Amino acid sequence: MANKSCAHIGSVRSVRGPTRRECEECVKIGAAWVHLRTCQECGITLCCDSSPNRHASKHARATGHPVIASAEPGERWLYCYPDDAFAEY
Ligand SMILES: [Zn+2]
Ligand SMILES: [Zn+2]
Ligand SMILES: [Zn+2]
């Protein structure tokens, strides 16, 4: 059930899933990642904060794209970086 805890998450109407099962930035530099996240603004899939390069977090800060979804199979949640808000869907 959606628990809309911030306006950014509340504005996500249909959740974007990953188009690639890899971190696009890690692939370029040959780095490893742990989990994958998909930006809900532009659809890019990047790595989580447990990954060495934390590309999703860096992307959110650099672009102002606030909300990511887990790109892990079976996980259905959204996270907003600026508000540190979390919602399942
Ligand atoms: Zn927010
Ligand atoms: Zn990465
Ligand atoms: Zn983005």
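Treat the numbers as computed from the prediction; the structure is a model and nothing was measured. (Residues numbered from 1 in each chain as written. Chains lettered and ligands numbered in written order. Predicted model: local features only at pLDDT ≥ 70, side-chain atom pairs only at ≥ 80, totals over all residues. Heavy atoms only, no water.)

### Here's the deal with the coordination of the zinc ion (ligand 1)
Formally: Any N, O or S atom lying within 2.8 Å of the metal counts as a donor, with the limit raised to 3.2 Å for Na, K and Ca; because water is left out of the atom set, some sites can appear incomplete. Here the metal geometry follows the donor angles, with tetrahedral for four donors whose angles all fall between 85 and 135 degrees, square planar for four and octahedral for six when opposite donors are more than 155 degrees apart and every other angle is between 65 and 115, and irregular for all the rest. Only protein chains enter the accessibility calculation, which uses a 1.4 Å probe. A residue is then buried if its area is under 20% of the maximum for its type, exposed if over 50%, and partly exposed in between.
Protein coordination of the zinc ion (ligand 1) is provided by C6 (SG), H8 (ND1), C80 (SG) and D83 (OD), with donor distances spanning 1.9 to 2.4 Å. Around the zinc ion (ligand 1), the 4 donor atoms sit at angles spanning 101 to 127°, and that spread fits a shape best called tetrahedral. Using a relative accessible area of 31% as the deciding quantity, one classes H8 as partly exposed.

### Examining unusual backbone geometry
Our working definition: A run of H or I in DSSP counts as a helix once it spans at least four residues, and a run of E counts as a strand once it spans at least two, with each numbered from the N terminus.
Positive phi, close to 45°, is recorded for R54, a residue that is not glycine. Residue placement: R54 occurs in the loop between β2 (45–47) and α3 (55–63). Note on R54: relative accessible area 39%, which makes it partly exposed. The backbone of D84 sits at a positive phi, close to 50°, despite the residue not being glycine. Here D84 shows up in the loop between β4 (77–80) and β5 (85–88). A relative accessible area of 56% means that D84 is categorised as exposed.

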